[in-house]
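# Architecture at a glance
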Amino acid sequence: MIREKLEHYYSYVFEKELLDEIEQVGVYKKLRENELLVDLGDQMKGVPLLLDGAIKIVREDKKGEEILLYFLERGDTCASSFASAISNGKCGIRAIAEKESEIIFLPKEKLDEWLVKYKSWRNFVIDSYNIRLNEMMETIDTLAFMRMDERLYKYLTDKAQIMRETSLNTTHQDIAYDMHTSRVVISRLLKQLENEGKIKLHRNKIEILEF
């Protein structure tokens, strides 16, 4: 089953020899919804490849308040955890399973070796950094230039695309945590979006009507 998923999501990226090594040394793990994958300050012993599901990446300030940075979906890896593993530093992000997910952990001892041995791995790592950098810049642009209702609608549609669902099981408070604002503000703006015909509100569920 693991090999099938590796082949399905990574065969167009990695050569067979690298897939063989990943299957041999990787550690498979299944995550429950809301299960913590990586926490702030963790010493990274490897990096995850996401086989299925969705992972939320957040930062936390000194007061313990969080803000969403981006989501990972199947076929992705976490560039931040890669950097921490390579440098033997502590992780600066928190990674949480947004839904039931499957990953395969790759030991950090192999990361440098594969950078030299496999061009496809080098390209994958560089592409991952580039994608995450673009997402970080998009997050900054969103915070700096978008109105709060626009930010909220983008958050909902981005999450729907990552989750591959048009109905999101979430609460107003959960959204407020992700967007670093208050539940009252989120509730008011969700009602505004519903009145505009963009979403439909249900109990602990939001249906996206427009993309």
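Data block above holds the structure.
Scope of this entry: the structure provided in the associated data block. (Residues numbered from 1 in each chain as written. Predicted model: local features only at pLDDT ≥ 70, side-chain atom pairs only at ≥ 80, totals over all residues. Heavy atoms only, no water.)

Another aspect to go through is the sheet that holds strand β10 (residues 205-208). Taken in spatial order, the 3 strands of this open sheet run β8-β10-β9, and their pairing is antiparallel. In this open sheet, the two strands that pair with only one neighbour each are β8 (167-168) and β9 (199-202). (Pairing = 2+ DSSP bridges. Helix = DSSP H or I, 4+ residues; strand = E, 2+ residues; numbered from the N terminus.)

This paragraph deals with the pattern of salt bridges. Counted according to the given criterion, the structure contains 27 salt bridges. The partner of Glu 21 in a salt bridge is Lys 117, and the shortest N-O contact between them spans 2.8 Å. Separated by 96 residues along the polypeptide, Glu 21 in helix α2 (residues 16-25) and Lys 117 in helix α4 (residues 108-117) bring together distant segments of the chain. Residue class for Glu 21 comes out buried when judged on its relative accessible area of 10%. (Salt bridge = Lys/Arg side-chain N within 4 Å of Asp/Glu carboxyl O. Buried < 20%, exposed > 50% of the residue type's maximum accessible area, 1.4 Å probe, protein only.)

Turning our eyes to something else, we now look at the nonpolar core. Counting residues in hydrophobic clusters, the biggest one holds 36 residues, and the most contacted among them are Tyr 10, Phe 14, Ile 22, Ile 55, Ile 57 and Trp 121. A total of 4 residues in this core trace back to one element, the largest contributor, which is strand β3 (residues 46-52). With near-sequence residues (within four places) excluded, Trp 121 lies in contact with Phe 14, Leu 18, Phe 82, Leu 106, Leu 111, Trp 114 and Leu 115. The next biggest cluster of nonpolar side chains, apart from the first, holds 22 residues, and it includes Ala 54, Ala 176, Ile 186 and Leu 193. (Core = buried A, V, L, I, M, F, W, Y, C linked by side-chain atoms within 4.5 Å. Contact = heavy atoms within 4.5 Å.)

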